[in-house]
Amino acid sequence: MRAHRLIRPAAGTGDIPAVTSLIEKLGTPDFPASLFRSASAWVMPEHMAAFVFDADMKPRTIFAENAGPAKVSQDVAVRYCREYYQYDLANRQLREAGYQGSWILKTSASEVIHSEYRHHCYTAVRLDDRISLSDTRDGRTLRINLYRPKGNDFTEDEIHSIGDKAPLMLALVRRHADLGAASRPNSHAYYRERLTAVAPTLTSREADVCAAIIRGVTSEGIALELGVGLNTVLTYKKRAYARLNISSQNQLMRLVLN
């Protein structure tokens, strides 16, 4: 019997802790971490990531959060959006189900056939069990993934609890993505444009690196995005900070966003 299961969520009667506070943070940079903390209070995921898939089913990251200080989940999301989404069992399952509507999909690392995808997005970051919440409407699919390490699989009761809260979680994340796009641009192009205005002396690559830093991407993630080595990224960062006479990410963000 296959371990993965595709199930329709419950009707959505469950509430989410601190939902009022979450609503107040919609469209702001504080929302992802707040939602992750809220989810941690009732289902304790190790990682949590949200993606939007357009009609061609190529994803864009809405946010990626994880327990601990290192932004591991963001690097995983970069790899996933660049290539590994093509091997995601959830995409095949939802295609077979006809996509439309809301679904919950449970999968585990052992079911991932593609070895590099399994390594980079699961075993290398000590993840194994995943619950995916998915909602498709008007050709646009929203996906929220909750992950746990090996030996700590989601229980049946927890899956039912997630199912109860799935409609509200999906609605909050969809609204956050829409508000973020409309009122608080958080795209690479937006920050590149801001950098060009306030720091015209930066080279194109230096501006690319700085824009990614503002978005919260780690140096390893930037290297993946730009297709260059980690040392190259660190060199661009050092040169850019010297040109701008700054020494930290916070100083960079104040320079560009104020």
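Residues numbered from 1 in each chain as written. Predicted model: local features only at pLDDT ≥ 70, side-chain atom pairs only at ≥ 80, totals over all residues. Heavy atoms only, no water.

Most of strand β6 (residues 140-148) sits out of view: eight of its nine residues are buried. With seven bridges joining them, strand β2 (residues 47-53) and β6 adopt antiparallel strand pairing. From the neighbouring strand, Val52 faces β6, where its bridge partner is Leu142. Here nine bridges tie strand β5 (residues 129-137) to β6, and the two strands are oriented antiparallel to one another. (Buried < 20%, exposed > 50% of the residue type's maximum accessible area, 1.4 Å probe, protein only. Helix = DSSP H or I, 4+ residues; strand = E, 2+ residues; numbered from the N terminus. Pairing = 2+ DSSP bridges.)

Let us now look at the pairing of β2. In terms of burial, β2 is a largely internal element, seven of the seven residues being buried. Of the two faces of β2, the one holding His47, Ala49, Phe51 and Phe53 and the one holding Met48, Ala50 and Val52 are both buried throughout. Note: β2 against strand β3 (residues 59-66), seven bridges, orientation antiparallel. Bridging from a neighbouring strand, Phe53 pairs with Pro59 of β3.

Turning our eyes to something else, we now look at the environment of Leu230. Within the fold, Leu230 resides in helix α10 (residues 230-244). Assessed through its relative accessible area of 34%, Leu230 is described here as partly exposed. Linking Leu230 and Glu220, residues ten residues apart in sequence, is a C-alpha distance of 6.0 Å. Setting aside its immediate chain neighbours within four residues, Leu230 contacts Ser219, Glu220 and Ala223. (Contact = heavy atoms within 4.5 Å.)

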